[in-house]
Each structure stands twice: as structure tokens, then as C-alpha cells.
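Descriptive structure summary
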Amino acid sequence: GWSRMSTVDVKVKWGKEKFDVQIMLDEPAEVFKAQLFALTGVPPDRQKITAGTKKINDDTDLKSLNLKDKQILMLFGTADEILTAPTEKPIFVEDLAPQDMAGLMAAGVPFGLENLGNTCYMNSCLQVVNNVNELVETLSNSADSSQQQDPLSGLVVASKNLFKRMQSATEPIAPGNLLMQLRLNFPQFDERGEGGMHMQQDAEECLSQLLQVYTQKIKTAEGRSFIEDLFGVELDVEVKCSEGDEPVVTEKDKQLKIACHIQGPTPQPDGSSKGGTDFVTQSIALGLESSLEKRSPSLGRTAVYKKTSKISRLPKYLLLHFVRFQWRQDTGKKAKILRAVKFPFLLDMRDFCTDEYKSRIDKWRNKEREASDERQAALRRRTETGAAKEESESKDGAKGEMDVEEHGEVEETEELWSTYELTGVITHKGRTADGGHYVAWIKKDSGKWFLFDDAKVSEVEAEEVKKLYGGGDWHMAYMCLYKRVRRPLDVTKYE
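What counts and how
Residues numbered from 1 in each chain as written. Predicted model: local features only at pLDDT ≥ 70, side-chain atom pairs only at ≥ 80, totals over all residues. Heavy atoms only, no water. Helix = DSSP H or I, 4+ residues; strand = E, 2+ residues; numbered from the N terminus. Buried < 20%, exposed > 50% of the residue type's maximum accessible area, 1.4 Å probe, protein only. Contact = heavy atoms within 4.5 Å. Core = buried A, V, L, I, M, F, W, Y, C linked by side-chain atoms within 4.5 Å. Pairing = 2+ DSSP bridges. Salt bridge = Lys/Arg side-chain N within 4 Å of Asp/Glu carboxyl O. pLDDT = per-residue confidence, 0-100. Arc of directions from axis to C-beta. Axes fitted to C-alpha atoms, helices over the stretch in contact; angles between N-to-C directions. Phe/Tyr/Trp six-rings, centres within 6.5 Å; stacked < 30°, edge-to-face > 60°. Expected span 1.5 Å × (residues − 1). Parallel < 35°, antiparallel > 145°, perpendicular 65-115°, else oblique. Nonpolar A, V, L, I, M, F, W, Y, C, P; charged D, E, K, R; others polar.

**Side note on the environment of alanine 174**
On the secondary structure map, alanine 174 appears in the loop between α5 (151–167) and α6 (176–185). Overall, alanine 174 belongs to the buried group, its relative accessible area being 11%. The spacing of alanine 174 and aspartate 454 is 280 residues in sequence and 9.8 Å in space, taken between C-alpha atoms. When sequence neighbours within four positions are dropped, the list of residues in contact with alanine 174 reads Gln22, Gln35, Glu114, Leu116 and Arg165.

**Regarding the nonpolar core**
Of all hydrophobic cores here, the largest spans 60 residues; its most connected members are Tyr121, Leu135, Leu182, Tyr214, Phe231 and Tyr438. Grouped together as the second largest cluster of nonpolar side chains are 47 residues, Val239, Ile337, Val410 and Ala477 included.

**Topic: the pairing of strand β15 (residues 333–336)**
Taken together, the four bridges between strand β14 (residues 325–328) and β15 define a ladder with antiparallel strand orientation. Bridge pairing links phenylalanine 325 to lysine 336 in β15. What sits between the antiparallel neighbours β14 and β15 is a turn of four residues, in which glycine 332 has the positive phi angle 70 degrees.

**Observations concerning the pattern of salt bridges**
Taken as a whole and assessed by the stated rule, the structure comprises 27 salt bridges. For the salt bridge of glutamate 374 with arginine 381, the shortest nitrogen-to-oxygen distance reads 3.8 Å. Here glutamate 412 ties to arginine 486 by a salt bridge, and the two come within 3.4 Å at their closest N and O atoms. Highlighted residues: glutamate 412 in the loop between α11 (390–405) and β17 (419–429) and arginine 486 in the segment after β21 (476–485), separated in sequence by 74 residues. A relative accessible area of 40% means that arginine 486 is categorised as partly exposed. One connected set of salt bridges, linked through shared partners, spans Glu134, Lys316, Glu414 and Arg484.

**Details of the confidence of the model for the protein chain**
The share of residues in the protein chain with pLDDT of 70 or more is 87%, and the mean pLDDT across the chain is 84. Within the protein chain, the element-level pLDDT minimum falls on α11, averaging 45, and the maximum on strand β13 (residues 317–322), averaging 96.

**So, helix α4 (residues 133–141)**
Listed in full, the buried residues belonging to α4 are Leu135, Val136 and Leu139. Considered in projection along α4, the buried side chains sweep an arc of 100 degrees and stay on one side of the axis. Residues of α4 that are exposed and point over 90 degrees away from its buried face: Glu137 and Asn141. In this structure, the buried side of α4 is in contact with α3 (120–130), α5, α7 (203–217) and α8 (226–231).

**Re the sheet that holds strand β6 (residues 233–241)**
Here we have four strands laid out as an open sheet, ordered β7-β6-β12-β11, and antiparallel in their pairing. The open sheet is flanked by β7 (249–255) and β11 (289–296), the only strands paired with a single partner. Mean inter-strand twist for the sheet, computed between neighbouring axes without regard to direction, equals 35 degrees. Note: β6 against β7, seven bridges, orientation antiparallel. Looking at the pairing, valine 233 lines up with glutamine 255 of β7.

**A closer look at the packing of aromatic side chains**
Applying the stated rule across the entire model yields ten aromatic pairs. Centre to centre, the rings of tyrosine 121 and phenylalanine 189 are 5.7 Å apart; their planes meet at 15 degrees, and the pair counts as stacked. With a gap of 68 residues between them, tyrosine 121 in helix α3 and phenylalanine 189 in the loop between α6 and α7 connect regions that are remote in the sequence. Using a relative accessible area of 0% as the deciding quantity, one classes tyrosine 121 as buried.

**Considering the sheet that holds strand β1 (residues 7–14)**
In spatial order, the strands read β2-β1-β5-β3-β4; together these five strands make up an open sheet with mixed pairing. The strands lining the two open edges of the sheet, one partner per strand, are β2 (17–24) and β4 (54–56). The average angle at which neighbouring strand axes cross in this sheet is 35 degrees, direction not considered. In this structure, strand β3 (residues 48–51) lies alongside strand β5 (residues 72–76), joined through three bridges in antiparallel fashion. Note on β5: the bridge partner recorded for threonine 50 is methionine 74.

**What about the pairing of β11?**
Where β11 meets strand β12 (residues 301–313), eight bridges bridge the pair, whose relative direction is antiparallel. Paired with serine 296 across the strands is arginine 301, a residue of β12. What sits between β11 and β12 in their antiparallel hairpin is a turn of four residues, with glycine 300 showing a positive phi close to 70 degrees.

**Structural notes on α5**
Across its 17 residues, α5 extends 25 Å between first and last C-alpha, which sits within 8% of the 24 Å expected from 1.5 Å per residue. Among all positions of α5, only Leu152, Ser153, Gly154, Leu155, Val156, Ala158, Ser159, Lys160, Leu162, Phe163 and Met166 are buried. Each element contacted by the buried residues of α5 is listed here: α3, α4, α6 and α7.

**Details of unusual backbone geometry**
Positive phi, close to 55 degrees, is recorded for asparagine 118, a residue that is not glycine. Using a relative accessible area of 35% as the deciding quantity, one classes asparagine 118 as partly exposed. At aspartate 454, a position not held by glycine, the phi torsion is positive, near 55 degrees. Structurally, aspartate 454 is set in the loop between β19 (449–453) and β20 (456–460).

**Some remarks on the packing of α3 against α5**
At a minimum axis separation of 11 Å, α3 and α5 run at an interaxial angle of 75 degrees. Comparing their axes, α5 and α3 come out roughly perpendicular. Residues Leu126, Gln127, Val129 and Asn130 of α3 touch α5, and the partners they reach there are Leu162, Phe163, Met166 and Gln167. For the contact of α3 with α5, the residue count by class is five nonpolar, three polar and no charged.

Pasting the structure below:
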């Protein structure tokens, strides 16, 4: 069978405070020190840690300590003083005494996830997944497949347990078990750099792997993939030879996210430039077209073909991936495209759909708009003329309803809602995908936005989210999560 990475849950006493910590025994001691730093603010070089009579140093092999479950360890050392206090100090969860925690929870500030040594890429993904209520609910109702001892099930169970803990957290959580299961299944996330510390990884690859596992393991009652139901974008793809006269081939395609390509403008002969992506709608359009080279039967040689994709089914949750990283041969790294691309709070996807799908969406929208106009008109009549006219009013009202009906049956299904509301953003700061820092910006059901920076969580204004378009060295959007909303208006709104 496969080996489980071993952990032990201990209590760490620091002054008057006690912390529950999950120690990963196969990791270097400095990972444990990083966990303690996240909890207490005591920098690793000032930490003195004892387990009974034994001291824990950077080079201590944690397995050699034979730690017992719930054993109490002692931590000595002073936390970093903040040298210059900003005028309005942000309140970070981990600085609060336990009695202040209650107030914070009452205020509805959620708790974050601890960084277990360059794991901000994973924490950001988990916060986005945690904002997909249907997925969290389905996970929590999934049976613990303990009889299935395959590693993928281990990752699903670890996810289920973590999201459960996140629902009722009273302090930041260390997602150690999920991290182990991720590394067991996908060794790329287990890469270490010089000095044995784990390396930063690509958040998009992490999210894709998680969704792939859930796709395989979580089924609906009818046996379909629950993830494909939630995130699946279905496409009609036309493949046309650009060089010869060949019949167009149409194919079907399915994907869990939409790639948004970014490009600079091309200079035109007249000195102007065009074709640069300034808005995510342009990036989506760019991503739905591509060219490929393959053998042409009519020309008897390799020829260029153009692929054009149109959406035939929109999902409940739309995941956009800004293709910001390009592999550079010269440096052997994934370099970042910094160009700013604006993404809206409300996104209309109708224009990217097949003609047949568009006409269904339009019929539904017209019906919704007319029904809404009718309600408005009835309301106006009522306020203008008072109660006296109510009798004739009700006849009018009925007549109005009749007119709306005459369109014939307009189908009523959520698949015709093509407007999406932004509910999550994973941003990256830095120049390479496997360096820098990832954080998540999440809009909760309350309508409030929160910034999840590992264990630090703070409420932010929606205005802050507009600073994530890119263009400089600040955090910029790498992935966006949109949720379908019932809006009969064909509108994309950036405010």
C-alpha cells in the first residue's frame, strides 16, 4: 500500500497562551517553526522550543522525539514588535486574545489557513473552493470511503474534513492533512529547494488537480460528475483549413475553466495599434480562437487550421484562468505577463455562445423584461390613480399577463441565465508562478469582500478588488470565480 505521512497533534504553551498544532513529522523542524511563527509572531531564530527535556533545533529530526498525541511543548521567545504603528492598525486574527475572538466571529470575519511552508498557493485555492457552497455541502454529505484505500479517496476525505472545520473554525486552521494527501497524489507539490524547504507552486495547477480529483470521485445521484455539472463549460468547436478548400469539421469539447489569453497591441501601418487585451471579454474571445498545424488530406501536406469555439452550455460557476505565465527557454522559468486586464463585477457571457443558445437566452430575457415592465406599469397605475381604479386595474393586469403569454412557451431553466457575479479572485504578486505570493479575495454570501492572506483575514472594500487588474508589481488576478445570477439584463458592469 502507500505510506501515510505521519502527523501528531500537540499543544504548544507560550506564556499564558496555548496553541493546538499539528506537527508533520516527516518535514524539517523549520516547517514546525514556521507554523509557530504564524501563530505567535515569534521569529524562528528567537524560538526556543522544548519537548520534555529535549530541545528542538533547526536540525532536529522530529521523528526522533517520539512525540505523543496531545503532548505539551513549551515555546520561549518574544514576538516581533511593530516598530512604527500605522495610524489605523488592521486587526489580524492571530493577534487577538481568545476573548476577543468571539467579537470577531460575531462580526462575521471568517478564519484563515496557516501557511505550512510556501503553501499560500494551496490556501488560496481552498478559500475559493470553500466559497462554492454546493461543492462544500456535497463533500460534507459524501460517504467516508474508508473501505476504498486509494490515495484519491484520501484526498477527498481530507477535503471534506477540512471544509467541515472551516465552517465552524474559532481560530486559523493548519491544513496539514490535506497538504499531505495532495503531495502523496501529486509529487510535483512535494518539490524542495535548496535547504530542504518546500517550494512555492502554481495555484492554477493546484486548483486544477483538486477539481480533477473531485470530478472523478464525487458523483450525482444519477452517476454524473458533480464537478462537471457545477463548472463544466460545453463548447462547439469548428476546425477549418486556412490554406485549402476543405469541409469544416465540427467537434464537441468540455472544460472546467476558460482560458483568458493576454496580448499586447500590434502596431498598425498608420501608427495606431490594435488587438491588445484591455478587458477580460477580449481575453476570453482570444482564448476561444486558436490555430494548429496538422496534415491536410486535400493538400497532402501539413497546413494551418483555425479553431473557433462557441459555448453550448454555461455552468453554474464559471472559472476564468488568466494565462499570465509563459515558459521562457532562456531562464527555464515561467515568466509573468504583467499587462493589466480589467474584469467586471458582473459579466455577461451571452456573446460567446452558439447562435442557437443565444436565441434561447434572448427569448428568456425578453420574457423576463416584459414581465418586469408589466409589474412596473401596474405599480405606476396603482400609485397614480389610488385604490378607486383597482377593479378595472385587475382586468388590465390580467390582459397584460395574457399578452406576455402569447410568445408561446418560453423555457424556464437556469441554463439561460448568462450573467455572472464575481465571487472570488486568486491573485499573485511577484514575477514567476513558482515564486512570489498568492492570496484569495472572496465575496461571502453577506456581500462583504474578504482578503485571505493565509492565516490573516481582513475585510476589504469592493474598490480594492479593482486594483487587482494587473500592470504593476501589486497583486494581480490569476483566476476569477464567477457565480451565475438571475439577471435579465445583458450587461457587463465594472463598477
